[in-house]
Amino acid sequence: MGATNEMMIEFDGRPSNEGFARVAVAAFCTQLNPTLEEVADIKTALSEAITNAIIHGYESEVHKIRLECKIEDRSISIKVIDWGKGMENIQKAMEPLYTTKPELERSGMGFAFMEAFMDELQVESRPGEGTTVFMKKNIGR
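Numbering of residues starts from 1 in each chain and follows the order in which that chain's sequence is written. Reporting in this predicted model follows two pLDDT cut-offs: at least 70 for local features of residues, and 80 or more for side-chain atom pairs to be given and counted; totals over whole chains, interfaces and linings ignore these cut-offs and use all residues. Excluding hydrogens and water, the side-chain figures rest on all heavy atoms present in the structure.

Visitor: Before we move on, can you summarise the pattern of salt bridges with the specific residues and values?
Guide: Should their charged atoms come close, side chains of opposite charge can pair. A side-chain nitrogen of Lys or Arg and a carboxyl oxygen of Asp or Glu constitute a salt bridge if their distance falls within 4 Å. According to the stated counting rule, one finds 7 salt bridges in the structure shown. Arg14 is the salt-bridge partner of Asp12, the closest N and O atoms lying 3.8 Å from each other. Owing to a relative accessible area of 39%, Arg14 belongs among the partly exposed residues under this scheme. Lys137 is paired through a salt bridge with Asp41; the nearest N and O atoms lie 3.3 Å apart. Three exposure classes are used, based on accessible area relative to the maximum for each residue type with a 1.4 Å probe and protein chains only: buried under 20%, partly exposed in between, and exposed over 50%.

Now the structure itself:
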């Protein structure tokens, strides 16, 4: 087993912090020497997860979001954790085009994008307790 490297940051769930989180993860994964496309994939998936936490988890109230990253061998694992309202039905939430906020200009494709751009996606959620989105991407394979 190769060496691992980990980082964790917590920030306010504000749309203005989404860019900060994207840059932090992009900088962290540079040690794997990813392609620009791999970095773009990670940033896109991360944006979706953070936006979900802000809009759906916290319903645009400002609360903390935790971002955990781990590099192991040739892969990066990312967890986006919120302590918001959680989801009753994860399977339903993960269906393409499903949205609980049709009034917003969102496409309901957040989880579909995460699945498309990452190699693994797992979602854990409990109503009233929050949601954890786990994503993993293999680099250079």
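Visitor: Break down the environment of Thr131 for me, citing the residues and quoting the values.
Guide: Note on placement: Thr131 falls in strand β5 (residues 130–138). Along the chain, Thr131 and Asn33 lie 98 residues apart, while their C-alpha atoms are 30 Å from each other. Of note is the side chain of Thr131, whose polar atom sits 2.7 Å from the side chain of Ser125. Helix numbers and strand numbers start at the N terminus; a helix is a DSSP run of H or I with at least 4 residues, a strand a run of E with at least 2. Polar contact is defined as a pair of N or O atoms within 3.5 Å, subject to the rule that within protein one atom must be able to donate a hydrogen and the other to accept it, and that residues adjacent in sequence are counted only when both atoms are side-chain atoms.

Visitor: For the sheet that holds strand β4 (residues 120–126), give the residues involved together with the corresponding values.
Guide: Strand pairing in a sheet relies on backbone hydrogen bonds. The paired strands run either parallel or antiparallel. What makes two strands pair is DSSP finding at least two bridges between them. Pairing is antiparallel in the open sheet, where 5 strands are placed in the order β1-β2-β3-β5-β4. At either end of the open sheet lies a strand with only one pairing partner, and these are β1 (4–12) and β4. Averaged over all pairs of adjacent strands, the angle between their axes in this sheet comes to 10°, without regard to strand direction. Sheet topology places strand β3 (residues 75–82) next to β5; 8 bridges connect them, and they run antiparallel. Bridge pairing links Lys79 to Phe134 in β5. Contacting β1, β2 (64–72) and β3, helix α1 (residues 18–29) runs over the sheet at an angle of about 170° to β1. For helices, the axis comes from a line fit to the C-alpha atoms of the stretch in contact; other axes are also lines fit to C-alpha atoms, and the angle between any two N-to-C directions lies between 0 and 180 degrees. Residue contacts are counted whenever heavy atoms from the two residues lie within 4.5 Å of one another.

Just distances and angles here, no functional claims.
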